[in-house]
Amino acid sequence: FLPDEQKVGGQVRSQLDWILDEDDNPLVDFIGHYETFTEDFGKIQRAYNIGPLPSQPLRKSNRGDYRDAYDEEMKEFVALHFARDIKYFGYKFDE
């Protein structure tokens, strides 16, 4: 269910594969979060003297709470394949 560019050897790629080097050092100066988009984008605007841009994500979903789309099998898949991401970013499924 994921595009091939998000897989390595048939395995799902972690978000961290894109932002950390082989020694787990960040390759980026700042990591924003979708959950705090407005605040995080404001930090980028101030740091780089960027004028006003959208203050919230442009694509909104009317699908409801994302957790409702996960059955137990999918929750286990995500917990297994994205454990590093979940820990690094401090994500919790029930929050």
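Residues numbered from 1 in each chain as written. Predicted model: local features only at pLDDT ≥ 70, side-chain atom pairs only at ≥ 80, totals over all residues. Heavy atoms only, no water.

Of the regular secondary structure elements, the chain holds four helices and two strands. Reading the helices (α) and strands (β) of the chain from amino to carboxyl end gives β-β-α-α-α-α. Within the span of the chain, comprising 95 residues, buried residues form 14% of the whole. Considering only intrachain contacts with a sequence separation of at least 6, the fraction spanning at least 24 residues in the chain is 45%. When the accessible surface of the chain is totalled, it reaches about 8100 Å², and 52% of it is carbon and sulfur. (Helix = DSSP H or I, 4+ residues; strand = E, 2+ residues; numbered from the N terminus. Buried < 20%, exposed > 50% of the residue type's maximum accessible area, 1.4 Å probe, protein only. Contact = heavy atoms within 4.5 Å. Areas by Shrake-Rupley, 256 points an atom, 1.4 Å probe, with all protein chains shown as cover.)

Now for the pattern of salt bridges. The final tally for this structure, using the stated rule, is five salt bridges. Across the pair Lys 43 and Glu 39 runs a salt bridge, and its minimum N-O distance is 3.7 Å. Here the residue Lys 43 and the residue Glu 39 both occupy positions in helix H2 (residues 37-48), the gap between them amounting to four residues, near one helical turn. For Glu 72, the salt bridge goes to Lys 75, with nearest N and O atoms at 3.2 Å. Here Glu 72 and its partner Lys 75 are both found in helix H3 (residues 72-81), three residues apart, which amounts to about one turn of the helix. For Lys 75, a relative accessible area of 29% gives the class partly exposed. Salt bridges sharing common partners tie together Glu 39, Asp 40 and Lys 43. (Salt bridge = Lys/Arg side-chain N within 4 Å of Asp/Glu carboxyl O.)

Since one α-helical turn is 3.6 residues long, residues separated by three or four positions face the same way. Helix length check: H2 (12 residues) gives 16 Å between terminal C-alpha atoms against 16 Å at 1.5 Å per residue, within 8%. Along H2, the residues that are buried comprise Asp 40, Phe 41, Gly 42 and Gln 45. (Expected span 1.5 Å × (residues − 1).)

With that settled, consider the packing of aromatic side chains. Centre-to-centre distance and the angle between the planes together describe a pair of aromatic rings. Taken as a whole and judged by the stated rule, the model has three aromatic pairs. Taken together, Tyr 88, Phe 89 and Tyr 91 form an aromatic cluster joined through their ring pairs. (Phe/Tyr/Trp six-rings, centres within 6.5 Å; stacked < 30°, edge-to-face > 60°.)

Mean pLDDT for the chain: 81, with 78% of residues reaching 70 or above. In the model of the chain, strand S1 (residues 7-8) stands out as the element of lowest mean pLDDT, 50, in contrast to helix H4 (residues 83-89), which has the highest, 91. (pLDDT = per-residue confidence, 0-100.)

Moving on: the side chain of Ser 14. Here Ser 14 shows up in the loop between strand S2 (11-12) and helix H1 (16-19). Note on Ser 14: relative accessible area 8%, which makes it buried. Of note is the side chain of Ser 14, whose polar atom sits 2.4 Å from the side chain of Asp 85. If we ignore the near neighbours within four places in the chain, the residues touching Ser 14 are Phe 82, Arg 84 and Asp 85. (Polar contact = N/O pair within 3.5 Å; in protein donor to acceptor, adjacent residues only side chain to side chain.)

For Asp 24, which is not glycine, the phi dihedral falls at a positive 65°. Along the chain, Asp 24 falls in the loop between H1 and H2. Overall, the relative accessible area of 43% leaves Asp 24 in the partly exposed class. The phi dihedral of Asn 49 is positive, around 50°, even though this residue is not glycine. Locating Asn 49 in the fold gives a position in the loop between H2 and H3.

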